[in-house]
Amino acid sequence: MLRTALKPRWLGLLAVVVVVMVSFTLLGLWQLNVARDKGRADALKRAPSLPVTSISNVLKPHSSFPNGATGRRVTATGTYAGASQLLVTGRRLHGASGYWVLTPLRVDQTGAVLPVVRGFVRSALAPAPPGGLVTVTGSLAPGEGPAPAPATKPGQIGSVDLSLLVNQLPGELYNAFVFALAEAPAPAAAMAGLERVPPPSIETGLAWRNAAYAFQWWTFALFAAYMWFRMVRDDAQAASAQPRAPATPVPTEESRP
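Caption draft 1: Highlighting the pairing of strand β6 (residues 134-141). Counting buried positions over the eight residues of β6 gives six, a clear majority of the element. Examined bridge by bridge, strand β2 (residues 73-80) and β6 share six bridges and lie antiparallel to one another. By the bridge assignment for β6, Gly78 is matched with Val134.

Now the structure itself:
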């Protein structure tokens, strides 16, 4: 069969098959990216409308951030660690530059720490969080990537990078943070100068129809390779099945008249 596959016509067809397979593979990857984009947009629409639930029903301390959790409304009850409050630099709200006020909340149910973006301030002076037990309702978000440039002043960070916060905040850490939408009891004094931050949610997911198109393209690519193999095999079998003509004996001196 290898001898048949090396014939010029089958090598030429193989080159065409390779081009087709590469094209179909790229088309499949394109459809998969479209599926992710559509899934992300659909999830963004759904997440805020889901029922508000306890964070323990969505995420456990140290566990990976689940797909579909971005933008989910959750509640967490605990106490703020005001001494560990941080300012996230380089933020903007309503056209103004300023800082996010990031305060760790020690959740009573687990004892782990949940970073909470309590609001936005325009200066580097943030009000202290309320004392005592507080219930935070907020929008869940995954951690941010590393900041382009680290903050140089004490008490400030360049991004909500959980891989760095795990060494700065006391105790176990949730692999997420929350944009606070409400606090109970309402902290009137503690909100002085703070503006709530609308959650910029980003979600990953798939639109299954486009994902199916991606697998369809990849199936076509495999089918093209299979058909080339099948044709080469059939050609080899046909060649081996043809009867060979008997060899004509070469006359010798003795056999000549």
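Don't stop here, the text continues.
Caption draft 2: Spatial organisation of the environment of Ala124. Along the chain, Ala124 turns up in the loop between β5 (113-121) and β6. Expressed as a C-alpha distance, the spacing of Ala124 and Val101, which sit 23 residues apart in the sequence, is 9.4 Å. Beyond its immediate stretch of four places on either side in the chain, Ala124 contacts Leu87, Tyr99 and Gln156.

Caption draft 3: Main features of the packing of aromatic side chains. Across all of its chains, the model carries two aromatic pairs by this definition. Arranged with centres 5.2 Å apart and planes meeting at 90 degrees, the rings of Trp100 and Phe179 form a pair that is edge-to-face. Separated by 79 residues along the polypeptide, Trp100 in strand β4 (residues 96-107) and Phe179 in strand β8 (residues 177-184) bring together distant segments of the chain. The exposure class of Trp100 is buried, given its relative accessible area of 6%. Given a relative accessible area of 2%, Phe179 falls into the buried group. Pairwise contacts between aromatic rings join Trp100, Phe177 and Phe179 into one cluster. The ring of Trp100 has Arg91 sitting right over it, with the charged end atom 4.2 Å from the ring centre. The cationic tip of Arg118 hangs over the ring face of Tyr80; the distance from NZ or CZ to the ring centre is 5.3 Å.

Caption draft 4: Summary view of the side chain of Arg118. Examined against the element boundaries, Arg118 turns out to sit in strand β5. Within polar-contact distance, the side chain of Arg118 engages the side chain of Glu183 at 3.1 Å.

Caption draft 5: How the structure looks around the nonpolar core. Counting 20 residues, the largest nonpolar core has Ile55, Leu105, Leu114, Val116, Leu140 and Tyr174 as the members making the most contacts within it. When neighbours within four sequence positions are excluded, Leu105 is seen to be in contact with Ala76, Gly78, Thr79, Tyr80, Ala112, Val113, Leu114, Val116, Val134 and Val136. Residues Val88, Leu102, Phe120 and Phe179 belong to the second largest nonpolar core, which totals 18 residues.

Caption draft 6: Region of the structure containing the pattern of salt bridges. Taken as a whole and assessed by the stated rule, the structure comprises four salt bridges. The partner of Arg91 in a salt bridge is Glu144, with the nearest N and O atoms 2.9 Å apart. With Arg91 in strand β3 (residues 86-93) and Glu144 in the loop between β6 and β7 (156-157), this residue pair connects regions lying 53 residues apart in the sequence. Note on Arg91: relative accessible area 14%, which makes it buried. Judged by its relative accessible area of 25%, Glu144 falls in the partly exposed class. One network of salt bridges, with partners in common, ties together Arg118, Glu183 and Arg196.

Caption draft 7: Summary view of the pairing of β2. Note: strand β1 (residues 53-54) against β2, two bridges, orientation parallel. When the bridges of β2 are listed, Thr53 appears paired with Val74.

Caption draft 8: How the structure looks around a nonpolar patch on the surface. A cluster of nonpolar side chains, contributed by Phe223, Tyr226, Met227, Phe229 and Met231, occupies part of the molecular surface with about 460 Å² of accessible area. A relative accessible area of 31% places Met227 in the partly exposed class.

The rules behind each value
Residues numbered from 1 in each chain as written. Predicted model: local features only at pLDDT ≥ 70, side-chain atom pairs only at ≥ 80, totals over all residues. Heavy atoms only, no water. Buried < 20%, exposed > 50% of the residue type's maximum accessible area, 1.4 Å probe, protein only. Helix = DSSP H or I, 4+ residues; strand = E, 2+ residues; numbered from the N terminus. Pairing = 2+ DSSP bridges. Contact = heavy atoms within 4.5 Å. Phe/Tyr/Trp six-rings, centres within 6.5 Å; stacked < 30°, edge-to-face > 60°. Lys NZ or Arg CZ within 6 Å of the ring centre and 35° of its normal. Polar contact = N/O pair within 3.5 Å; in protein donor to acceptor, adjacent residues only side chain to side chain. Core = buried A, V, L, I, M, F, W, Y, C linked by side-chain atoms within 4.5 Å. Salt bridge = Lys/Arg side-chain N within 4 Å of Asp/Glu carboxyl O. Patch = residues over 30% accessible without salt bridge, like charges linked within 9 Å, V, L, I, M, F, W, Y side chains within 5 Å. Areas by Shrake-Rupley, 256 points an atom, 1.4 Å probe, with all protein chains shown as cover.

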